[in-house]
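If you want the building blocks of each chain, they are given just below.
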Amino acid sequence: MTYSDLPHDDELPFEEVRATLTKMQFTDEELLQEQIVGGSGSKTFVVLVAAFAALGGFLFGLDLGYISGVESMASFSQDVLSGEEIESLEKGTVTGIFAIGAVVAAFPAVISCIVDRVGRKGCMVLGGLTFCLGAAIQGWAPNLNTMLCGRFIAGASVGLLSANVPLYQGEIAPPENRGAIVALYQLAITMGIMLAFWMNYWLQPLQHGWRYSILLQLIPGGIFAAGASFMPQSPRWLVSRRRYKAALDILRRIRGKHEDVRMELVATYKEYRRERATGKANYVELFTGSNGKVLLIGIVLQLLQQLCGLNVFMYYGPTVFKKIFHAPRASFLFAALSGLVNFLSTFPALCLVDRLGRTTLLCASALGMAICCSILAAVGDACFSSSQDDSCGPVSKYAMAGAIFLDIFNYAYGWGPVVWIYCAEIFSLKYKTKSNGLTTDANWVGNFLIGFAPPWLMEKIGFKTFWIFAAVNLLGVALSCVLPETKGKSLEEIQELFHSWLHKGEELPGDLFLCADESDEGDVSESDSSSDL
């Protein structure tokens with residue numbers, strides 16, 4: 001946050017900034033007296049750091065995308081199942097246990113314990129190392145039980161990453177570009193999915209091709225684990241640990257010379273102190289009042305993101321396309337093309353999310369997906385039911401493929417990236433880690449359901465399954481129309497926005513920003529180690 005980021009009437013007076021910095025134990029006269037204290041970085045540097053952090057999303061996408069092709073490979077059946085075809089229940093379990101691992105890792109008690117000790121940066125390093133362990137076990141797996149163990153560990157790694165990477169990106173990004181920067185996470189996910197689909201397509205004919213498809217993931221996993229250790233720590237996390245000097249040093253590294261880093265530090269500190277004034281963090285406060293309402297919004301958004309139906313194509317793309325085209329090689333090709341569409345369609349979000357806003361994209365995206373799912377349900381049931389396969393001729397095949405690609409397009413510019421952006425913005429600093437852990441858990445619960453249920457649903461009711469997804473997307477349209485817009489606002493301003501929205505225009509009590517908290521004065525509980533830089 002700089003002077004230009006704040007509304008004119010809300011600019012912090014110079015004397016107030018200086019007094020607050022003094023309270024934070026800063027004694028450097030140059031820091032206290034200069035009219036502007038700029039940084040040595042730039043937006044380009046922030047984008048590069050956020051883009052590397054997004055490699056965590058790339059790992060997520062690889063694990064999300066490879067499993068559908070691997071389960072359909074003859075070499076997987078030969079090596080793991082003794083040549084037998086994988087059953088629907090086994091397929092759902094292999095896919096779904098990944099989500100269970102993610103739920104465990106992102107559980108608030110687990111994720112907050114890790115983040116409190118090592119920070120978001122340390123959590124990303126740990127996530128990268130755990131990812132490599134899971135990939136190694138899966139690639140070596142001689143039987144289904146070992147495969148399930150590796151999938152669970154890989155899921156735990158992605159749970160750590162998905163609960164931290166978007167928050168980290170949002171906390172280092174300037175307000176006017178935060179949407180596009182956090183959207184890099186979803187772009188990286190789609191890139192990982194696309195690469196996994198194409199690797200499956202090319203490796204599928206090879207003996208042990210499924211093993212190569214998994215073991216190749218060790219390369220980006222190792223790069224991410226090593227590189228994440230050199231990234232700057234989140235300044236807002238450092239403030240929450242009362243490491244103010246380290247937070248200022250980080251801000252000086254990532255902000256430009258015309259941005260007054262003291263303003264952002266003081267605004268973050270005031271928000272932190274306001275939240276501390278309500279007492280220590282506890283689960284009763286988290287689940288009640290305004291915190292509970294905002295948490296519910298995040299949980300519903302993440303559930304709807306998964307239950308909208310898109311991941312049916314990510315997890316079971318070859319299976320769905322095989323039902324349409326009745327040719328295994330064609331099914332792999334169309335699945336790979338769907339990954340390409342998913343990747344390319346995320347780019348509009350980068351351009352539009354900070355211009356049109358979050359809620360506009362969510363509404364348009366959900367409406368588009370509802371229409372596409374209705375087409376898939378109607379045409380699929382009429383032309384590709386078990387009793388009358390392909391009864392409508394070749395046009396119906398391409399109508400189905402077109403509806404699938406359009407559904408992916410609508411998801412990729414809207415509900416795919418924007419939900420991660422919105423959830424990275426709306427939670428208070430006091431409960432950010434726990435709240436984001438819970439909403440990430442909700443995402444993975446939905447991921448488990450979408451990974452486990454569709455094989456059974458497609459067996460029982462066929463393409464009528466997509467009527468369910470159409471209804472879910474209509475709920476998404478309704479929710480998008482009532483949520484407040486957060487584009488262009490600082491994270492601290494978003495807290496005021498939600499307070500006013502939840503309390504019918506009532507302003508956040510200004511005296512809370514200046515509340516006394518004597519336990520903070522004269523004490524910085526944790527050292528400002530240079531290793532955090």
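Summarised in this report is the structure supplied together with it.

Rules used throughout
- In every chain, residue numbers begin from 1 and rise along the written sequence.
- Local features in this predicted model are restricted to residues whose pLDDT is 70 or higher, and side-chain atom pairs enter the listing and the counts only when it is 80 or higher, whereas totals over whole chains, interfaces and linings include all residues.
- Side-chain figures throughout are based on the complete set of non-hydrogen atoms in the structure, without hydrogens or water.
- For helices the rule is a DSSP run of H or I covering at least 4 residues; for strands it is a run of E covering at least 2, with both sets numbered from the N terminus onward.
- Whether two residues are in contact is decided by their heavy atoms: any pair within 4.5 Å suffices.
- Only the protein chains shown count as covering a residue, and every accessible area follows the Shrake-Rupley method with a 1.4 Å probe.
- A carboxyl oxygen of Asp or Glu within 4 Å of a side-chain nitrogen of Lys or Arg is what we treat as a salt bridge.
- Classification of residues uses two cut-offs on accessible area relative to the type maximum, computed with a 1.4 Å probe and protein chains only: under 20% is buried, over 50% is exposed, and between them is partly exposed.
- Exposure above 30% relative accessible area and the lack of any salt bridge qualify a residue for a patch; like charges then connect within 9 Å, and the nonpolar side chains Val, Leu, Ile, Met, Phe, Trp and Tyr within 5 Å.
- For a helix, the expected span equals 1.5 Å multiplied by the residue count minus one.
- Here the bend at a residue means the angle between the axes of two seven-residue stretches, the one that ends at it and the one that starts at it.
- Counting of polar contacts relies on pairs of N or O atoms within 3.5 Å, with two restrictions inside protein: one atom must be capable of donating a hydrogen and the other of accepting it, and residues adjacent in sequence are counted only when both atoms are side-chain atoms.
- A pair of aromatic rings is counted whenever rings of Phe, Tyr or Trp (Trp by its six-membered ring) have centres within 6.5 Å, and the orientation is called stacked for planes under 30 degrees apart, edge-to-face for over 60 and tilted otherwise.

1. Details of the overall build of the chain
- Tallying secondary structure elements over the chain gives 26 helices and zero strands in all.
- Residue pairs in contact within the chain that sit at least 24 positions apart in sequence constitute 83% of those at least 6 positions apart.
- Approximately 19,900 Å² of the chain is accessible, and the part contributed by carbon and sulfur atoms is 64%.

2. As for the pattern of salt bridges
- As enumerated under the stated definition, the model contains 17 salt bridges in all.
- The salt bridge partner of K464 is D381, with a shortest N-O separation of 2.9 Å. Of the two residues, K464 is situated in the loop between α24 (432-460) and α25 (465-480) and D381 in helix α21 (residues 358-383); the sequence distance between them amounts to 83 residues.

3. Brief notes about unusual backbone geometry
- The backbone phi angle of H208 is positive, close to 60°, even though this residue is not glycine.
- Among the structural elements, H208 can be located in the loop between α10 (178-203) and α11 (209-215).
- Judged by relative accessible area, H208 falls into the partly exposed class, the value being 29%.

4. Some thoughts on a nonpolar patch on the surface
- The grouping of L206, Y212, L216, I219 and I223 at the surface amounts to a nonpolar patch, some 470 Å² of accessible area in total.
- Checked against the element boundaries, Y212 lands in helix α11.

5. Observations regarding the environment of L429
- Tracing the backbone shows L429 in the loop between α23 (415-425) and α24.
- Residue L429 is classed as buried on the basis of its relative accessible area, which comes to 15%.
- If we ignore the near neighbours within four places in the chain, the residues touching L429 are R236, S240, T268, Y272 and E275.

6. Focus on α10
- Here α10 spans 38 Å end to end across 26 residues, near enough to the 38 Å set by a 1.5 Å rise per residue.
- The largest bend along α10 measures about 25° and falls at L184.
- Burial analysis of α10 places 22 of its 26 residues in the buried class, the great majority of the element.

7. Examining the environment of G451
- Within the secondary structure, G451 is located in helix α24.
- For G451, a relative accessible area of 0% corresponds to the buried category.
- G451 sits 352 residues away from A99 along the chain, and the two C-alpha atoms are 8.2 Å apart.

8. Overview of the side chain of Q495
- Position of Q495 among the secondary structure elements: in helix α26 (residues 491-502).
- At a separation of 3.3 Å, a polar atom in the side chain of Q495 contacts the main-chain carbonyl oxygen of F427.
- Beyond its immediate sequence surroundings of up to four residues, Q495 is in contact with E271, R274, E425, I426, F427 and S428.

9. Re the packing of aromatic side chains
- In this structure the tally under the stated criterion is 16 aromatic pairs.
- Plain terms: the ring middles of W198 and Y201 are 5.6 Å apart, the flat faces sit at 85° to each other, and that makes the pair edge-to-face. Of the two residues, W198 and Y201 are both situated in helix α10; the distance of three residues between them amounts to about one turn of the helix.
- Looking at W198, the relative accessible area reads 22%, which means it is partly exposed.
- Among the aromatic residues, those joined into a ring-pair cluster are F313, F463, F466 and F469.

10. Observations concerning the side chain of R178
- Relative to the helices and strands, R178 is located in helix α10.
- Reaching out from R178, the side chain makes a polar contact with the backbone oxygen of K489 at a distance of 2.5 Å.

11. Focus: the environment of I299
- Within the secondary structure, I299 sits in helix α17 (residues 289-307).
- For I299, a relative accessible area of 23% translates into the label partly exposed.
- Separated by 142 residues in the primary sequence, I299 and D441 have C-alpha atoms spaced 8.4 Å apart.
- Setting aside chain neighbours within four positions, we find I299 in contact with L438, T439 and A442.

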